[in-house]
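# Breakdown of the fold
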Amino acid sequence: MAKKIKIAEEFLEGKLSVDEIEAGNLENSMDEEFIDTYRKVISKNSEEEIPNFNLFEKTAFQQKKERSNSFKRTFSYAATVVALIGFFSLFFYFSTIRKQHTQPVKIAETQKEVIQVLLLFSEELNKTLKNFDEATTAFQPFADYKNYSIEFNNPIKNFKINEL
Amino acid sequence: MKTKLIVLVLLIISATGFAQNGEQTIDSTFELLKAQKNISYFDVTGEMFKMLSETKETEAEFKDYMRKLTGMKMVRTYNRHDNGTPDIYKLFMQNTNLKGFSRLMTSETSTRKISFYQKKSKAGNEYLLVQSSAIIYITGTIDLKSISEFEQVMNIAGSAFDM
Amino acid sequence: MTDSDFEKQILQYKKKLYRFALSILKQKEDAQDAVQEVVLRMWKKRELLNSDENFESYCMNSIKNYALDLLRKKRNFQNYKEFTSTGNIAPEEFENKDLIERMQLFLKQLPVQQRMTIELKDFQGYEYEEVSAILEISVNAARVNVSRGRKRLYEKFKEEISNG
């Protein structure tokens, strides 16, 4: 006969998951009923339909905006080039236009990469600061503080992330 | 009180835990790292930042950042499931002489370790983000608060910049 | 990561992302908005994302960070440090509800950290190591939070049973 499970020790302590508990294997009927209800809550939640929304709604809007910006930029750029044609000689036009065609593309690419690297640094910095803040407030058991360390004599010790 | 004291001692031990580093400069460690397998490398010089800060293409919100930067290097790993992909956190820490840098903080979970370093001098500031999948080195007159605020700047101005 | 890789990968996590956001924010509209916003933010830096890294964990972690930020901004927490305190549910909300629906309400009443860990561990079936990576807490902290949440639900269940 299988050993009866003490729900308080095994499930409530987080050692077993609800799937690992077999029906009729618990110490008393209250525990049996609790596990049964818990299972039903889980299955009810998983059966609930999620709203039919477009995951990329904001992304699509952004792309549309980008296309529009890109068109405006291209248009204004083209207008500048046309003005230059009228103003300078044919020889000067050729040399200028070649320069302007290649440079902005390279600059835009580098700029985009720089911004992404800065963003990554910024996000990781903020995330770590927030996690540290949370770890020292309510989230972590006291014994887990050692997973986070912060220099005592450093410029960010009084850095209030929430005030930014 | 006793527990708090133990935690305090633990924190101090971990804060001084990186005293032993290698002898190489940051630049030469980057050279070493970029030669490894499955690494992508990105390097922007002061001249380029000058150009970025002057070009009309740059949005006003970002111009100030470009003006305050004099250098940026990043190595990133890809294909992390390949055994040949190096542990760049370990490699960087073992090889780099971080004398003069102060460690701002380190966070470690079962899957992730990240450290931030800073060095201030009259010539400018240096910032380092060291984690197992990426290492970023930034130099310039920019301060830490501005770097932290960049996330918000991006959320506001990013859309105007096609990001 | 290419655009099509990004779209393919993110689509398969739609349900998980929405459910996780809902467990934190409680409101369907907020959860939907949070998922769309996080998708947009990730799309902006898709070139920096490695498809072979744990993309699922990264997405779930981004939802957690964004949803918690939103909660703070909305000042749903009277005081940030009172993360672990519980609000009371109005008695009329319990009217005409069966035991399972009442348990769902009790679940919503749990402190956010317990709600998140229970959602991930019990409702979405993640292992403690995965919960730890998503929430950026230690495995022990994840287990402690699951245990606290389950214990609280067990107490509520017992009260419900004894009140008939």
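This structure is a prediction, so every number in the text was calculated from the model and none was measured.

Let us now look at the overall build of chain B. Secondary structure assignment for chain B yields six helices and six strands. For chain B, the α and β elements follow one another from N to C terminus as α-α-β-α-α-β-α-β-β-β-β-α. By the burial criterion, 52% of the 163 residues in chain B qualify as buried. Carbon and sulfur atoms form 53% of the exposed surface of chain B, whose accessible area is close to 8100 Å².

All names here are of chain B. Looking at the secondary structure, you find Glu126 in strand E5 (residues 124-131). No salt bridge forms around the buried Glu126; measuring N to O, its nearest opposite-charge neighbour Lys119 is 4.1 Å away. In this structure the side chain of Glu126 is engaged in a polar contact, spanning 2.5 Å, whose partner is the side chain of Tyr137. Non-local contacts of Glu126, meaning those with residues more than four positions away in its chain, are made with Phe101, Tyr117, Gln118, Lys119, Tyr137, Ile138 and Thr139.

So, about the pairing of strand E6 (residues 134-140) of chain B. Residues and elements named next belong to chain B. With respect to burial, E6 is a largely interior element, seven of its seven residues being buried. Direction of pairing for strand E2 (residues 69-77) relative to E6: antiparallel, over a ladder of seven bridges. In the strand pairing of E6, Met72 is matched with Ile138. The sheet contact formed by E5 and E6 spans six bridges and is antiparallel. When the bridges of E6 are listed, Asn125 appears paired with Gly140. Hairpin connection from E5 to E6: two residues lie between these consecutive antiparallel strands.

On to a negative patch on the surface, then. On the surface, a cluster of negative charge is made up of A:Asp19, A:Glu20, C:Glu127, C:Glu129 and C:Glu130. Mapped onto the fold, C:Glu127 is located in the loop between helix H6 (112-123) and helix H7 (128-135).

The partner chain A presents 54 residues to the 58 residues of chain C that form the contact. Taken together, the two surfaces of chain C and chain A that pack against each other cover about 5400 Å², and 59% of this comes from carbon and sulfur. We note a salt bridge from C:Glu37 to A:Lys58, for which the minimum N-O separation is 3.1 Å. Linking chain C with chain A are 20 residue pairs in polar contact (both at pLDDT 80 or more), by the criterion used here. If you list the elements that add at least two residues to the side of chain C that touches chain A, you get helix H1 (3-11), helix H2 (14-25), helix H3 (28-44), helix H4 (55-73), helix H5 (99-109), H6 and helix H8 (139-162) of chain C.

One finds C:Phe6, C:Ile10, C:Phe20, C:Val35 and C:Phe55 to be the most contacted residues of the largest nonpolar core, which totals 44 residues. Counting only elements with at least two residues in this core, the list comes to H1, H2, H3, H4, H6, H7 and H8 of chain C. The leading source of residues in this core is H4(C), at nine residues. Inspection of this core shows a minimum of three residues originating in each of domain 1 (1-76) and domain 2 (84-164) of chain C. Sequence-distant contacts of C:Phe6, that is, excluding residues within four places in its chain, are made with A:Phe56, C:Met1, C:Val39, C:Met42, C:Trp43, C:Arg46, C:Leu49 and C:Phe55.

What follows deals with the packing of aromatic side chains. The tally for this structure, following the rule as stated, stands at 13 aromatic pairs over all chains. Here the aromatic rings of B:Phe62 and B:Phe150 are separated by 5.8 Å at their centres, their planes lie at 50 degrees, and the arrangement is tilted. Placement of B:Phe62 in helix H4 (residues 60-68) and of B:Phe150 in helix H6 (residues 144-157) is noted, with a sequence separation of 88 residues between them. The two residues B:Phe62 and B:Phe150 agree in class, both being buried. One aromatic cluster is present, built from ring pairs that chain together A:Phe11, A:Phe34, A:Tyr38, C:Tyr154 and C:Phe157. Over the ring of C:Trp43 we find C:Arg46; its NZ or CZ atom is 4.1 Å from the centre of that ring. Residue placement shows C:Lys121 over the ring face of C:Tyr128; its charged tip is 4.9 Å from the ring centre.

Residues and elements named next belong to chain B. Position of Ile142 among the secondary structure elements: in the loop between E6 and H6. Taking the relative accessible area as the measure of exposure, Ile142 reaches 0% and is therefore buried. Other than its neighbours up to four places away in sequence, Ile142 contacts Tyr65, Lys68, Leu69, Asn125, Tyr127 and Ile147.

Turning next to empty space enclosed by the protein. Summed over the entire model, instances satisfying the criterion amount to four cavities of 30 Å³ or more. In this structure, the largest cavity encloses a volume near 360 Å³. Along the wall of the largest cavity there are 21 residues; nearest its centre are A:Glu123, B:Glu151, C:Arg41, C:Lys45 and C:Asn65. Elements with a minimum of two residues in the lining of the largest cavity: helix H4 (90-135) of chain A, H6 of chain B together with H3 and H4 of chain C. Its residues placed into classes, the lining of the largest cavity shows seven nonpolar, five polar and nine charged.

With 84% of its residues at a pLDDT of 70 or more, chain C shows a mean pLDDT of 84. Between residues 76-86 of chain C, whose pLDDT stays under 50, and residues either more than four places distant or in other chains, the model counts 21 contacts.

Residue and element names in this part refer to chain C. On the surface, a cluster of positive charge is made up of Lys26, Lys28, Lys97 and Lys108. Tracing the backbone shows Lys28 in helix H3. A relative accessible area of 52% means that Lys28 is categorised as exposed.

Residues and elements named next belong to chain B. Of note, the phi angle at Asn38 is positive, near 55 degrees, even though the residue is not glycine. With respect to the helices, strands and loops of the structure, Asn38 is situated in the loop between helix H2 (26-34) and strand E1 (39-44). On the accessibility criterion, Asn38 (10% relative accessible area) is buried.

The rules behind each value
- Residues numbered from 1 in each chain as written.
- Chains lettered and ligands numbered in written order.
- Predicted model: local features only at pLDDT ≥ 70, side-chain atom pairs only at ≥ 80, totals over all residues.
- Heavy atoms only, no water.
- Helix = DSSP H or I, 4+ residues; strand = E, 2+ residues; numbered from the N terminus.
- Buried < 20%, exposed > 50% of the residue type's maximum accessible area, 1.4 Å probe, protein only.
- Areas by Shrake-Rupley, 256 points an atom, 1.4 Å probe, with all protein chains shown as cover.
- Lys, Arg positive; Asp, Glu negative; His and termini not counted.
- Salt bridge = Lys/Arg side-chain N within 4 Å of Asp/Glu carboxyl O.
- Polar contact = N/O pair within 3.5 Å; in protein donor to acceptor, adjacent residues only side chain to side chain.
- Contact = heavy atoms within 4.5 Å.
- Pairing = 2+ DSSP bridges.
- Patch = residues over 30% accessible without salt bridge, like charges linked within 9 Å, V, L, I, M, F, W, Y side chains within 5 Å.
- Charge placed at Lys NZ, Arg CZ, Asp CG, Glu CD.
- Buried area = accessible area lost by both parts, 1.4 Å probe.
- Core = buried A, V, L, I, M, F, W, Y, C linked by side-chain atoms within 4.5 Å.
- Domains from an automatic or database assignment.
- Phe/Tyr/Trp six-rings, centres within 6.5 Å; stacked < 30°, edge-to-face > 60°.
- Lys NZ or Arg CZ within 6 Å of the ring centre and 35° of its normal.
- 1 Å grid on protein atoms, 1.4 Å probe; cavity = no way out; pocket = protein on both sides within 12 Å on 5 of 7 lines; lining within 4 Å.
- Points joined across faces, edges and corners; volume = space filled by probe spheres on them.
- Nonpolar A, V, L, I, M, F, W, Y, C, P; charged D, E, K, R; others polar.
- pLDDT = per-residue confidence, 0-100.

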